[in-house]
Amino acid sequence: MNIVNARLRGREGLYRIELAGERIAAIAPQQAPAEAGPGDIDAASNLVVPPFVEPHIHLDASLTAGEPAWNMSGTLFEGIERWSERKALVTFDDTKARAKKTIDMLVEHGIQHVRTHVDVTDPTLSALKSMLEVREETRHLIDLQIVAFPQEGIESFKGGRELMAEAIAMGADVVGGIPHFENTREQGVSSIRFLMDLAERSGCLVDVHCDETDDPQSRFLEVLAEEARVREMGERVTASHTTAMGSYDNAYCSKLFRLLKLSGINFVSCPTESIHLQGRFDTYPKRRGLTRVAELDRAGLNVCFGQDSIVDPWYPLGNGNILRILEAGLHICHMLGYQDLARCLDLVTDHSARTLNLGEGYGLVVGRPANLLVLSAPDDYELLRSQGQARVSIRGGKVLLRRTPARVERY
Ligand code: 17E
Ligand code: FE2
């Protein structure tokens, strides 16, 4: 199969992309617009990009909002409490059905790589067992990374350390953490040492829910970054949320950023989630409750956007569309300048792929997997402005979906 009349990000002109089996076989400039041959796809001068990436979601909790009760305060902490009630009702089958339904939503929006945090603070580990099967059963749709995520703490939850180790032994890909939720600062610090040891021993990646609070005293990011720096693991480590950084003063941040750069760790911001959950203890002025996305990006650090939730105790909306998150995030983070608009898809493609350590499994490069999207606009800026979409999603050289644009009749 070939894709003709494709635009590529950061390059002039039109391109022809040849797929052979499950790989990209050639990418060649066209001298002029071309006719699509039988079985070919005409990109019609629109962008062709590698698939969108969802770097941070909780598939085990998705589609549970209101069960058994709604989060009325809109805080992270009530979310954790409501989830704890729902968690008591979790079954293997229930998790699988909701996760698969949510994965379908992601796939419909062009996502083919997903990192999901699975709550392992449950002695039965039912959700994890279920998600390990989902990872295999959905390989034709997505590549799924599973984070062993200790929602109620590694040190503060009974048997937390053992559950984390067991989850990794069972086949989770990534070691998680939640230091700001541990009962004491010391426990937060020791939880990070524990999880970094576990990752180093097992060879797993790391993705920590880190400082997801407006409390400027929550400073576990420096501990995580330093552990990553000393162990030379930065590229394999991600700090998710880091919303407290939005409340750190500039004097502390100027010191912190030096360490962050030395560590080389990755960052995920979930802008719709954080604008909803944070700022809840403020009246006015009211904080946005997001990490310093633009500043991290300007400093050359790797930062990307994730959805976090779809209809769960923390966030009642969501439909799988990562471009909605991108649009919200760029607004909230003061990133609607031309330079940011012109390359905004980095935040949901290449930067996220780097966070997930996808390496040569990702990208429009000859020899790599034939996974790609044909979008509805010719460049990043116009895709965002027009609230564009993935028109075609191809995985392993086969068409996964085609979307027909809505037709408007005017009289
Ligand atoms: N759990 C958590 O600690 N934080 C979140 N944002 C979600 C789950 C969705
Ligand atoms: Fe999260």
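As shown above, the structure is provided for reference.
Source: prediction; values computed, not measured. (Residues numbered from 1 in each chain as written. Chains lettered and ligands numbered in written order. Predicted model: local features only at pLDDT ≥ 70, side-chain atom pairs only at ≥ 80, totals over all residues. Heavy atoms only, no water.)

Caption draft 1: Representation of the coordination of the iron ion (ligand 2) within the structure. Around the iron ion (ligand 2), the protein supplies H56 (NE2), H58 (NE2), H209 (NE2) and D308 (OD) as donor atoms, at distances of 2.1 to 2.3 Å. Metal-centred angles of 85 to 179° between the four donor atoms at the iron ion (ligand 2) mark the site as irregular. (Donors = N, O, S within 2.8 Å, 3.2 Å for Na, K, Ca; no water. Tetrahedral: all angles 85-135°; square planar, octahedral: opposite > 155°, others 65-115°.)

Caption draft 2: The arrangement of the sheet that holds strand 2 (residues 15-20) in detail. Taken in spatial order, the seven strands of this open sheet run 3-2-1-4-13-14-15, and their pairing is mixed. Among the strands making up the open sheet, the edge pair consists of strand 3 (23-29) and strand 15 (398-402). Averaged over all pairs of adjacent strands, the angle between their axes in this sheet comes to 35°, without regard to strand direction. Across six bridges, the pairing between strand 2 and strand 3 is antiparallel. Bridge pairing in strand 3 places Y15 opposite P29. (Pairing = 2+ DSSP bridges. Helix = DSSP H or I, 4+ residues; strand = E, 2+ residues; numbered from the N terminus. Axes fitted to C-alpha atoms, helices over the stretch in contact; angles between N-to-C directions.)

Caption draft 3: Fine view of helix 6 (residues 220-230). The set of residues buried in helix 6 consists of F220, L221, V223, L224, A225, E227 and A228. Packing partners of the buried residues in helix 6 comprise helix 5 (185-202), strand 9 (205-210), strand 10 (237-241), helix 7 (250-263) and strand 11 (266-269). E232, located one to two residues past helix 6, shows a positive phi value of around 55°. (Buried < 20%, exposed > 50% of the residue type's maximum accessible area, 1.4 Å probe, protein only. Contact = heavy atoms within 4.5 Å.)

Caption draft 4: Broad picture of the packing of aromatic side chains. Per the stated rule, a full pass over the model turns up four aromatic pairs. Judged by centre distance (6.0 Å) and plane angle (65°), the rings of Y338 and Y381 are edge-to-face. Residue Y338 is found in helix 11 (residues 338-342), and its partner Y381 is found in helix 13 (residues 380-385); the two are separated by 43 residues along the sequence. Given a relative accessible area of 58%, Y338 falls into the exposed group. One Lys or Arg, R11, reaches over the ring of Y15 and ends 5.2 Å from the middle of that ring. Here the basic side chain of K87 rests over the ring of F157, its NZ or CZ set 5.9 Å away from the ring centre. (Phe/Tyr/Trp six-rings, centres within 6.5 Å; stacked < 30°, edge-to-face > 60°. Lys NZ or Arg CZ within 6 Å of the ring centre and 35° of its normal.)

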